[in-house]
2 protein chains.
Amino acid sequence: MSDNYHHGNLRQALIDAGVKIINEDGEDKLSLRKVAAACEVSHAAPYAHFKDKEELLAAIKSSVTERFMSELEKAEKKAQSAEQAILFMGQTYVSFFSNNPDYFKFLFASQKLVAHLEMDKEYPDDYPPFILLKQTYKKYLKEKDIKMDYKDQEAGLLKIWSSVHGLAAIACMTGVETSVDWNHIELN
Amino acid sequence: MSDNYHHGNLRQALIDAGVKIINEDGEDKLSLRKVAAACEVSHAAPYAHFKDKEELLAAIKSSVTERFMSELEKAEKKAQSAEQAILFMGQTYVSFFSNNPDYFKFLFASQKLVAHLEMDKEYPDDYPPFILLKQTYKKYLKEKDIKMDYKDQEAGLLKIWSSVHGLAAIACMTGVETSVDWNHIELN
DNA sequence: AAAAATATCTTGACAATGTAAAGATTGGTG
DNA sequence: CACCAATCTTTACATTGTCAAGATATTTTT
C-alpha cells in the first residue's frame, strides 16, 4: 500500500479537521486546501467526497448540530417535567453558544433553517433542535392542561424559541453577561 | 483630465457599490475587485481609501446600520408614548430584516457589537440601535413610574432586545410568518 | 506661479484559494 | 485474473486579497 491512497475514512477525517479549524481559528480561516493538508492528502482529494466547499461545510454543520442536539437532549432528560425541560433546554441553548461563540456564527450565518410552527403536524426536515423544542412545548401544554387558541400556541412556541435564540445571539455578539434571571424567559 | 484619475468621491462610491452587491448577490459574492470594477477603477484603487477588505466591509456595515437607525428613529417618533415606541421599534426591527434578510447576516455575522446593559450610565460606543432601545426603555419606566430592582431593569431591557432580535433572526433564517401577535413581545 | 509634497489611481506581480480535467492507484466483483 | 468503480494525485486555470512601484492630479509651500 503506497500509503497515500485510500486514507481509510477520509470523509469523516475531513469533517473532524474542519470542526477543529473552526474551533481554533474561526470559519473564515477554513479552506478546503487546509482541511486537506490537515488530513495529509492532496488539495483535490476532498472532491471525491464532497461536491464543493459548500457541501463540506454543510457536513461540518451537521456534525456541530449533532453535538448541540446531544446537549439539548441531555438537558431534556435531566428535567422532571416538561416545564422544567423547557427551562433547562433554554439554559443549555444559550450556554452552548456562549461557550463556543464561533459555532453560533457558523451554524446560523449562512444556513437556511427549516421550521414549521404548526402544532398539529410533524415536519421531519425541520431543524432538529427546533423539533425537540416543539415536542417539549407540546408536552408542557398537555402537562399543565393549557387550552389555547391554535394561533396562540404557535405564537407561544415562537416566543420561547426567539427569546432563547436572541439571548444566545446577543451573548455571542456582545459577550454580555448571560447570568440572566431565567424566570424572565418563562412561558406565559 | 485623463478622466481615469481622481474619481471625485470614490470612497462613497465604493461603499454604495458594496451595498448594492450585497443586496443583489449576498456578502459572499462581494469582492474588492468587483466593487472596484463597479466603480470603473482599477482593482487596487480601493487601497487608497481602505486599509484592507475588512475596513471597506466595516464602512458598508456602518452605512447599512445608518439606514436601520433611521427607520428605528422614524418608528420612535411616530409613537405617542414610550410604551408604544418600544412596540413600534420592535416591529420595525423585525420588518427591516425580514425585508432584507441579507442585511441580517451581513450585520451580525462577523461584527462584534458593543452593548452595556447598565441603566445608570451611557456608553456612546454601544451599538446605536441598542442605545436607542435603552433610552426608550428608560423613558418607558419613567412614564409608567415603574420601580424595579436595578438587576431587573437590566433583565427587562435584555429581554426586550433578545426577543426582538431573536424574532428577526428566526424570520431571516426560516422565512417564518412574522405576522406575530405583538402583544406577546410586550414588556412586563 | 513654480516647485515640492501629498493624495489618488494604475500596472504588474505574487500567494492563496476553489475547482475542473486527466491520470494513477487501489480494492472489490464477476 | 481482468475489469470497474472508488479514491487519490497532479496539473492547470480563474478569482481573489494584497503589496510595490510608478503615473497623474491636487494641494501646499515657497
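Owing to the predicted nature of the structure, the values given are computational and were not obtained by experimental measurement.

Engineer: How would you explain the relation of the copies chain A and chain B if you had to name every residue and give the values?
Structural biologist: Each of the two chain copies goes to the other by way of a rotation about an axis and a shift along it. Relative to chain B, chain A is turned by 180° and slid 0.0 Å along the rotation axis, the superposed coordinates differing by an RMSD of 0.1 Å. Here the symmetry operator amounts to a two-fold rotation axis. Taking C-alpha positions as reference, the residue of chain A nearest the rotation axis is Gly166(A), located at 1.7 Å. Residue by residue, 96% of the interface of chain A is reproduced at the interface of chain B, so both copies engage with the same surface.

Engineer: Could you give me a rundown of helix 1 (residues 10-25) of chain A, with the residues and numbers involved?
Structural biologist: For an α-helix, the turn length of 3.6 residues means that residues three or four places apart are oriented alike. Residue and element names in this part refer to chain A. If you check helix 1, its first and last C-alpha atoms are 22 Å apart, about what 16 residues at 1.5 Å a residue would give, namely 22 Å. All of the buried residues in helix 1 are Leu10, Leu14, Ile15, Ala17, Gly18, Val19, Ile21 and Ile22. Looking at the buried residues of helix 1, the elements they touch are helix 2 (32-38), helix 3 (53-78) and helix 5 (101-109). Positive phi shows up at Gly26, right after helix 1, with a value of about 90°.

Engineer: Provide a residue-level description of the protein's contact with DNA strand D, including the pertinent values.
Structural biologist: Taken together, the neighbourhood of DNA strand D is formed by 24 residues, with His7(A), Ser42(A), His49(A), Leu32(B) and Arg33(B) sitting nearest. His49(A) places a polar side-chain atom, nitrogen or oxygen, 2.6 Å from a phosphate oxygen of DNA strand D. A distance of 3.2 Å is found between a phosphate oxygen of DNA strand D and a side-chain nitrogen or oxygen belonging to Tyr47(B). When residues of the surface near DNA strand D are assigned to their parent elements, the largest contribution, three residues, is made by helix 2 (residues 32-38) of chain B. Grouping the amino acids of the surface near DNA strand D by side-chain chemistry returns ten nonpolar, ten polar and four charged.

Engineer: Provide a residue-level description of a negative patch on the surface, including the pertinent values.
Structural biologist: Together, Glu24(A), Asp25(A), Asp28(A) and Glu54(B) make up a region of like negative charge exposed at the surface. Relative to the helices and strands, Asp28(A) is located in the loop between helix 1 and helix 2.

Engineer: Can you lay out the state of the cysteines for me, pointing to particular residues and giving the numbers?
Structural biologist: All chains considered together, the criterion is met by zero disulfides over all chains. Residue Cys172(A) stays outside any disulfide, its sulfur separated by 17 Å from that of Cys172(B), the closest cysteine. Residue class for Cys172(B) comes out buried when judged on its relative accessible area of 7%.

Engineer: Account for the domain arrangement of chain A, with residues named and values stated.
Structural biologist: Residues and elements named next belong to chain A. By domain assignment, chain A separates into domain 1 (10-51) and domain 2 (63-184). Relative to domain 2, the C-alpha centre of domain 1 lies at a distance of 30 Å. Between domain 1 and domain 2, the contact holds six residues from the first and seven residues from the second. A combined buried area of about 570 Å² lies between domain 1 and domain 2, and 59% of that area is made up of carbon and sulfur atoms. Along the contact surface separating domain 1 from domain 2 lie zero salt bridges. Looking at the side of domain 1 that touches domain 2 residue by residue, the class counts come to three nonpolar, two polar and one charged.

Engineer: If you had to explain the packing of helix 7 (residues 150-174) of chain A against helix 7 (residues 150-174) of chain B to someone new, which residues and values would you point to?
Structural biologist: In the contact formed by helix 7 of chain A and helix 7 of chain B, the axes pass within 6 Å of each other and the chain directions differ by 100°. Judged on the interaxial angle alone, helix 7 of chain B and helix 7 of chain A are roughly perpendicular. Across the interface between the two elements, Leu158(A), Trp161(A), Ser162(A), Ser163(A), His165(A), Gly166(A), Leu167(A), Ala169(A), Ile170(A), Met173(A) and Thr174(A) from helix 7 of chain A touch Leu158(B), Trp161(B), Ser162(B), Ser163(B), His165(B), Gly166(B), Leu167(B), Ala169(B), Ile170(B), Met173(B) and Thr174(B) from helix 7 of chain B. Split into classes, the residues belonging to the contact of helix 7 of chain A with helix 7 of chain B amount to twelve nonpolar, ten polar and no charged.

Engineer: How would you sum up the pattern of salt bridges? Please name residues and give values.
Structural biologist: Tallying each qualifying case throughout the model produces twelve salt bridges over all chains. Among the ionic pairs, Lys151(A) bridges to Glu154(A), the shortest N-O distance being 3.3 Å. With Lys151(A) and Glu154(A) both in helix 7, this residue pair falls three residues apart, about one helical turn. With a shortest N-O distance of 3.6 Å, Lys139(B) and Glu76(B) are connected by a salt bridge. You can see Lys139(B) sitting in helix 6 (residues 128-143) and its partner Glu76(B) sitting in helix 3 (residues 53-78), a full 63 residues away along the chain. In this structure Glu76(B) comes out as buried when scored by relative accessible area, which is 17%.

Engineer: Can you explain the nonpolar core? Please cite residues and give values.
Structural biologist: Among the nonpolar cores identified, the biggest contains 119 residues, and Ile60(A), Tyr93(A), Phe97(A), Phe108(A), Ile60(B), Phe97(B) and Phe108(B) are the most heavily contacted of them. In contact with Ile60(A), other than residues within four places in its own chain, are Ile15(A), Gly18(A), Val19(A), Ile22(A), Leu30(A) and Phe106(A).

Engineer: Could you give an account of the interface of chain A and chain B, with specific residues and numbers?
Structural biologist: The interface of chain A with chain B comprises 28 residues on the first partner and 27 residues on the second. Of the roughly 2600 Å² buried at the junction of chain A and chain B (both faces included), carbon and sulfur atoms supply 68%. The tally of links between chain A and chain B comes to zero salt bridges. The tally of links from chain A across to chain B stands at four residue pairs in polar contact (both at pLDDT 80 or more). Taken together, the elements giving at least two residues each to the side of chain A that touches chain B come down to helix 5 and helix 7 of chain A.

Rules of the game
Residues numbered from 1 in each chain as written. Chains lettered and ligands numbered in written order. Predicted model: local features only at pLDDT ≥ 70, side-chain atom pairs only at ≥ 80, totals over all residues. Heavy atoms only, no water. Least-squares fit on C-alpha atoms with pLDDT ≥ 70 in both. Contact = heavy atoms within 4.5 Å. Helix = DSSP H or I, 4+ residues; strand = E, 2+ residues; numbered from the N terminus. Expected span 1.5 Å × (residues − 1). Buried < 20%, exposed > 50% of the residue type's maximum accessible area, 1.4 Å probe, protein only. Near = heavy atom within 4 Å. Polar contact = N/O pair within 3.5 Å; in protein donor to acceptor, adjacent residues only side chain to side chain. Nonpolar A, V, L, I, M, F, W, Y, C, P; charged D, E, K, R; others polar. Patch = residues over 30% accessible without salt bridge, like charges linked within 9 Å, V, L, I, M, F, W, Y side chains within 5 Å. Areas by Shrake-Rupley, 256 points an atom, 1.4 Å probe, with all protein chains shown as cover. Salt bridge = Lys/Arg side-chain N within 4 Å of Asp/Glu carboxyl O. Lys, Arg positive; Asp, Glu negative; His and termini not counted. Charge placed at Lys NZ, Arg CZ, Asp CG, Glu CD. Disulfide = S-S within 2.5 Å. Domains from an automatic or database assignment. Buried area = accessible area lost by both parts, 1.4 Å probe. Axes fitted to C-alpha atoms, helices over the stretch in contact; angles between N-to-C directions. Parallel < 35°, antiparallel > 145°, perpendicular 65-115°, else oblique. Core = buried A, V, L, I, M, F, W, Y, C linked by side-chain atoms within 4.5 Å.

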